Amino acid sequence: MKKVFRDWLRLGGLVSLMWAQMLCPVNKNFLRTSFVALSGFSFRDGGDTLWVPLAVHVIEKVAGEIPDERVGKQVQILNRDYAAAKIQFYLPRYGPGGVPTCGVTRTVSPLANHDWTSEEDTLKRSVYWPPDSFLNVWIVSWMPMQVIGYARALGDTVSLPGVVLLGDVVGEGPGLRSPYDKGRTAVHEIGHVFSLMHPFEGGCRGTTPATCAIEGDEICDTPPQRQAHYGCPSLSTNTCQEVPTDLPDPVTNFMGYVDDGCMTHFTPEQIWRMRLFLLAYGTILISEENKQARGFRATLSPSCGSLSALGSESVNASGQGREPLISGAKILGLYDSAGRLIWREGGEKLDMSTLSPGLYIAIVMRGGIVFSHRLAVGCP
Ligand SMILES: [Zn+2]
C-alpha cells in the first residue's frame, strides 16, 4: 500500500510506523510463505520479457471520471518503470471468451466509494476477469483513511489478486493528486502483486548477510530502514546500521512511500524476486498460449484509439540479477531456501553441481560490500 501521509509525518516516526502497519493490507504472511514455497520449483529464468495482460476495471460514481487517456498513460508508465525488470504490460484485444475488447471495463456504481477495510471482495467480485489469465486492476473514486492504492499478490486466495487504485493517482499530469501524480502508485502496488514488500518491513531487521534475505523485506540490496519515509528524503538518510558495511536507506526505491517524483527504481534483487514469483505464480498469465488468446500486440487495435501506443518493443535492459556468481566476489556462505546455512567458505568458486534442485541464497562480498545472490538450481 502506498498512502498519503503528509499530515501524519509531523507526529513522528513511531506513529508513522504504526499507521503504516495498520493500514497496509498486503498479506505479508502469504508473501513470505509463498516465496519460500518456490523452492519446490525447478526452473530457470531465461531472461525473456514477461508480458502481462491487464484487465482494467474503472468503477465510477459518474461515467467518464477516468478517461481512457489516463489509463493508457498509466500503462506506458508501468512499461517504462518495469523495463529494467523486462516485465511489460499490455491491454488485451480479446477478453474472457474471446470477446473483442480494449482491456478496460467501465461500471457506474456506488462501489466507487470503496471502503477497503470491509469491501475488498465485494468490489472485486462485482467485476473481474479470470485472474489466472489477466492481472486485474480496479480503479475507484474514493477510499477512506487517505489510502491511494493497495494490492494482493498472485496466488493469494483471501481475495482476488490484483491492485485497487484511487482514480486520482492513475496516469500522470495536472489534476492528479500531487505529489502522487506521476503514476508510481500503480508501479508500487504491482510490485506487491509480484511479492515485494516495503523496504521498511520489520524496521531494522535483516541487517547482516545471514539475515538480510530472510528478514525484513527479504531483499539484501535494499538496506533495512526503520520506518517509511515520505516526501523527498536526502540520499544520505540512514536509520539502521548494517554490518559489515553500513549503507543509507533505499529512499528512492519504488517500494517506499516517498513522492512519485523521488522514486526511481527496483533493485536487481527485487527484480529477480518479482520475475521468479511471476514465473511460478503467473504461469498461465505470462504463457505464450495466453498471449495468443489475448491477441497480444505491443500496440492496441485501432478501435481503441485513445488508449494507443501502450506497449514497448524496445526493452533493452539486461536480465540483471541472474548471473550465478560474479567474478572477483568472495563467497561467504550459502543458505538453502529455509534459511539454513549449508556451506561456508571464503573461496571464489562454488561447485553447484552437488546441490539438489531448489532455491539458494549465496552471500558474497564484492568490493567491500556484501550482496546476496539468489540461485535457482534445477533442470534447464
Ligand atoms: Zn505498499
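These figures come from a predicted structure and were not determined experimentally.

1. Structural notes on the overall build of the protein
At step 1: Along its length, the protein carries eight helices and 11 strands.
At step 2: A total of 380 residues make up the protein; the buried ones form 44% of that total.
At step 3: Pairs at least 24 residues apart make up 70% of the contacts formed inside the protein by residues separated by at least 6 positions.

2. Remarks on the nonpolar core
At step 1: Of all hydrophobic cores here, the largest spans 71 residues; its most connected members are V52, L54, V137, I139 and L165.
At step 2: Elements with a contribution of two residues or more to this core: β2 (50–60), α4 (68–81), β3 (87–90), β5 (135–140), β6 (147–152), β7 (162–166), α6 (184–193) and α7 (268–281).
At step 3: Among the elements that line this core, the one with the most residues is β2, at eight residues.
At step 4: The residues touching L54, leaving out its near neighbours within four places in the chain, are V75, F89, Y90, L91, G103, F134, L135 and V137.

3. Considerations on the environment of F266
At step 1: With respect to the helices and strands, the residue F266 is situated in the loop between α6 and α7.
At step 2: Residue F266 is classed as buried on the basis of its C-beta count, with 28 C-beta atoms lying within 10 Å.
At step 3: C-alpha of F266 to C-alpha of L196: the two residues are 70 residues apart in sequence and 9.9 Å apart in space.
At step 4: Not counting chain neighbours up to four residues away, the residues in contact with F266 comprise A84, A85, G191, F254 and I271.

4. Let's talk about the packing of α4 against α6
At step 1: Orientation of α4 relative to α6, taken along the N-to-C sense of each, is 60 degrees, at an axis distance of 9 Å. One finds that α4 runs oblique with respect to α6. By crossing handedness, the relation of α4 to α6 is classed as right-handed. On the side of α4, the interface is formed by Q74, I77, L78 and D81, while α6 contributes A186, V187 and I190.

5. Examining the confidence of the model for the protein
At step 1: When the pLDDT values of the protein are averaged, the result is 79; 67% of them are 70 or greater.
At step 2: Predicted confidence for residues 3–24 stays below pLDDT 50, and this span has 28 contacts to residues more than four positions away or in other chains.
At step 3: Contacts from residues 309–327, a stretch scored under 50 in pLDDT, to residues over four places away or in other chains number 45 contacts.

6. Section: unusual backbone geometry
At step 1: The step from S178 to P179 runs through a cis peptide bond, and the omega angle for that step is 5 degrees.
At step 2: With respect to the element layout, P179 can be found in the loop between β7 and α6.
At step 3: The step from V243 to P244 runs through a cis peptide bond, and the omega angle for that step is -5 degrees.
At step 4: One can find P244 in the loop between α6 and α7.

7. With respect to the pairing of β5
At step 1: Most of β5 sits inside the fold, with six of its six residues counted as buried.
At step 2: Side chains L135, V137 and I139 of β5 all project onto a buried face; the interleaved residues N136, W138 and V140 project onto the opposite face, where all are buried too.
At step 3: Two elements, β2 and β5, share five bridges in a ladder whose sense is parallel. Among the inter-strand pairings, A55 is bridged to a residue of β5, identified as N136.
At step 4: With four bridges joining them, β5 and β7 adopt parallel strand pairing. Pairing of V140 across the sheet is with L166, part of β7.

Each value, and the rule that gives it
- Residues numbered from 1 in each chain as written.
- Predicted model: local features only at pLDDT ≥ 70, side-chain atom pairs only at ≥ 80, totals over all residues.
- Helix = DSSP H or I, 4+ residues; strand = E, 2+ residues; numbered from the N terminus.
- Buried ≥ 20, exposed ≤ 12 C-beta atoms within 10 Å, placed from the backbone.
- Contact = placed C-beta atoms within 7 Å.
- Core = buried A, V, L, I, M, F, W, Y, C linked by C-beta atoms within 7 Å.
- Axes fitted to C-alpha atoms, helices over the stretch in contact; angles between N-to-C directions.
- Parallel < 35°, antiparallel > 145°, perpendicular 65-115°, else oblique.
- Left-handed = near helix turned anticlockwise from the far one by under 90°.
- pLDDT = per-residue confidence, 0-100.
- Pairing = 2+ DSSP bridges.

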